Amino acid sequence: MEIAVIIPVYNAEAYVADAVQSALQFEEVKEVILIEDCSPDNALAVCKELERQHERVKLYQHENGINKGAGASRNLGIQKATCPYIAFLDADDLFLTNRFDAEREYWQEGKDFDAMYGALGIHFYSQEAQEKYASHFSSKFTVVRNFKAGESMFEELLGINEKRRGHIHLDTLTVRKVVLARMPMHFQENLRLHQDYEFTIRLGYYAQVVPGILAQAIATRGVHLENRYTKVGFKEKKYYRNQLLVWEALDRWAQEEGLAARYKQFIARKIYAYKIAGSYFFSAWSLFLKYLLKERQVLKEYRIYYRTMLNR
């Protein structure tokens, strides 16, 4: 089994070397593809040194060396990858020693898969980061729990069933490259945040996604004071507005792909709910009344997200 690991790099000079080493520990990893995204720090020099030291490390930048975001960087990595399997790793995260154990077992048994996911743990780079952000992350692993054969991962990740059982983190995802060719688009380049979340939802539509190791972490998310997500993602109004962009992107895709009406309707309700939750008081209530007249189900959606906002 040959795997290409794609690592978008931005402002990660202090972390990317450890991320690369955590990927190089596996014989199956034939390529570690670094996409340096015009970092303001010294990340480019670090990446060049990693490429010089390791034959399997390949470094690329966007045309003219411009910054295009993590989504565009992952798309470029997919284009450059020559291996039949693709895995992803953020530049400040780490693979653990069991990262590809489940994939290896499938391979040795002569079985194949479209996509496989596992459990993600967490590590803090400093005591200050832990004190500041520990409450924002679940003490449990990030993973889809109790998913059974024959169920729809697309519906699970979309959230069409009321009881969500988690989500898939890119650090734990391994995908056959031919499966990605089925998708009319890979990562949404206009989304600066949550493009990985939007990608996994659509992947569930095109791929048969199977669980790998769920009882223990196979990778860890690194949390530090400079994470983009921790700096932006936990501010309530910005969070809901960023989520709105995700669901608007899913709506465009659903229209282009010709999804069933119930999926389109569900996505439309999510858009209503996030528009309301991301608005200020008077705007929120005017939107609420407008959409309530148009779609009574939005009341249920709004209650769900209002409770979520209160519990954040």
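Definitions and cut-offs
Residues numbered from 1 in each chain as written. Predicted model: local features only at pLDDT ≥ 70, side-chain atom pairs only at ≥ 80, totals over all residues. Heavy atoms only, no water. Pairing = 2+ DSSP bridges. Helix = DSSP H or I, 4+ residues; strand = E, 2+ residues; numbered from the N terminus. Axes fitted to C-alpha atoms, helices over the stretch in contact; angles between N-to-C directions. Contact = heavy atoms within 4.5 Å. 1 Å grid on protein atoms, 1.4 Å probe; cavity = no way out; pocket = protein on both sides within 12 Å on 5 of 7 lines; lining within 4 Å. Points joined across faces, edges and corners; volume = space filled by probe spheres on them. Nonpolar A, V, L, I, M, F, W, Y, C, P; charged D, E, K, R; others polar. Buried < 20%, exposed > 50% of the residue type's maximum accessible area, 1.4 Å probe, protein only. Right-handed = clockwise from strand over helix to strand, strands pointing away. Phe/Tyr/Trp six-rings, centres within 6.5 Å; stacked < 30°, edge-to-face > 60°. Lys NZ or Arg CZ within 6 Å of the ring centre and 35° of its normal.

*Asks:* Explanation requested: the sheet that holds strand β1 (residues 3–9) in the structure shown.
*Replies:* In a beta sheet, neighbouring strands pair by backbone hydrogen bonds and run either parallel or antiparallel. Overall, mixed pairing links the 7 strands, which are arranged β3-β2-β1-β4-β8-β6-β9 in an open sheet. For this open sheet the edge positions go to β3 (57–61) and β9 (209–211), each flanked by a neighbour on one side alone. For this sheet, the mean inter-axis angle between neighbouring strands, taken without regard to orientation, is 25 degrees. Where β1 meets strand β2 (residues 29–36), 7 bridges bridge the pair, whose relative direction is parallel. Bridge pairing in β2 places Ile3 opposite Val29. Running over the sheet, helix α2 (residues 43–53) touches β1, β2 and β3 and is turned about 145 degrees from β3.

*Asks:* So what exactly am I meant to see when it comes to empty space enclosed by the protein here?
*Replies:* Think of a ball as big as a water molecule: rolled over the atoms, this probe shows where empty space is left. Here the structure, examined in full by the defined rule, presents 1 cavity of 30 Å³ or more. For the largest cavity, the full set of lining residues is Asn98, Arg99, Ala102, Glu103, Met116, Tyr117, Gly118, Thr172, Gly212, Ile213 and Ile218. Only α4 (101–108) and β6 (115–117) provide two or more residues apiece to the lining of the largest cavity. Here the residues of the lining of the largest cavity sort into 5 nonpolar, 4 polar and 2 charged.

*Asks:* I would appreciate a short explanation of the pairing of β2 in the present structure.
*Replies:* For a regular strand, side-chain orientation follows a simple rule: the groups alternate between the two sheet faces. Burial analysis of β2 places 7 of its 8 residues in the buried class, the great majority of the element. Regarding topology, helix α1 (residues 16–24) serves as the crossover connection from β1 to the parallel β2, and that connection is right-handed. With 5 bridges connecting them, β2 and β3 associate as parallel partners. In the sheet register, Ile35 faces β3, and the bridge partner there is Tyr60.

*Asks:* Before we go on, may I ask you to explain unusual backbone geometry in this structure?
*Replies:* In most cases, non-glycine residues show a negative phi, while peptide bonds are predominantly trans. With a phi angle near 55 degrees, Asn11 is a residue other than glycine that sits in the positive phi range. Within the secondary structure, Asn11 sits in the loop between β1 and α1. According to the relative accessible area criterion, Asn11 is partly exposed, its value standing at 38%. Unlike most non-glycine residues, Asn64 shows phi in positive territory, near 65 degrees. Of note, Asn64 is situated in the loop between β3 and α3 (69–80). By relative accessible area, Asn64 is classed as exposed at 71%.

*Asks:* Quick question: what am I supposed to make of the sheet that holds strand β5 (residues 94–95) here?
*Replies:* If you walk across this open sheet you meet the 3 strands as β5-β10-β7, and the pairing is mixed. Looking at the sheet topology across the chains shown, the edges are occupied by β5 and β7 (119–124). With 2 bridges connecting them, β5 and strand β10 (residues 217–223) associate as antiparallel partners. Each bridged residue has a counterpart across the sheet, and for Leu94 the counterpart in β10 is Thr220.

*Asks:* In this structure, what is going on with the packing of aromatic side chains? I would like to understand it.
*Replies:* The description of an aromatic ring pair uses the distance of the two centres, along with the angle that the planes make with each other. Throughout the structure, instances matching the rule amount to 17 aromatic pairs. When the ring of Phe26 is compared with that of Phe100, the centres are 5.1 Å apart and the planes differ by 90 degrees; the resulting orientation is edge-to-face. Taken together, the residues Phe26 in the loop between α1 and β2 and Phe100 in the loop between β5 and α4 connect sequence positions 74 residues apart. Exposure class is identical for Phe26 and Phe100. Each is buried. An aromatic cluster is defined as three or more aromatic residues linked by ring pairs; in this entry it consists of Phe154, Tyr205, Tyr206, Trp253 and Tyr263. One cation-aromatic arrangement involves Arg74 over Phe187; the distance from NZ or CZ to the ring centre is 5.4 Å.

*Asks:* When you look at the environment of Ile35 in this model, what are you seeing that I'm missing?
*Replies:* Structurally, Ile35 is set in strand β2. Its relative accessible area of 0% is what places Ile35 among the buried residues. With 29 residues separating them along the chain, Ile35 and Ile6 place their C-alpha atoms 7.7 Å apart. Not counting chain neighbours up to four residues away, the residues in contact with Ile35 comprise Ile7, Pro8, Val9, Tyr60, His62, Ser73, Leu76 and Gly77.

Keep in mind that these numbers describe shape and distance, not what the molecule does.
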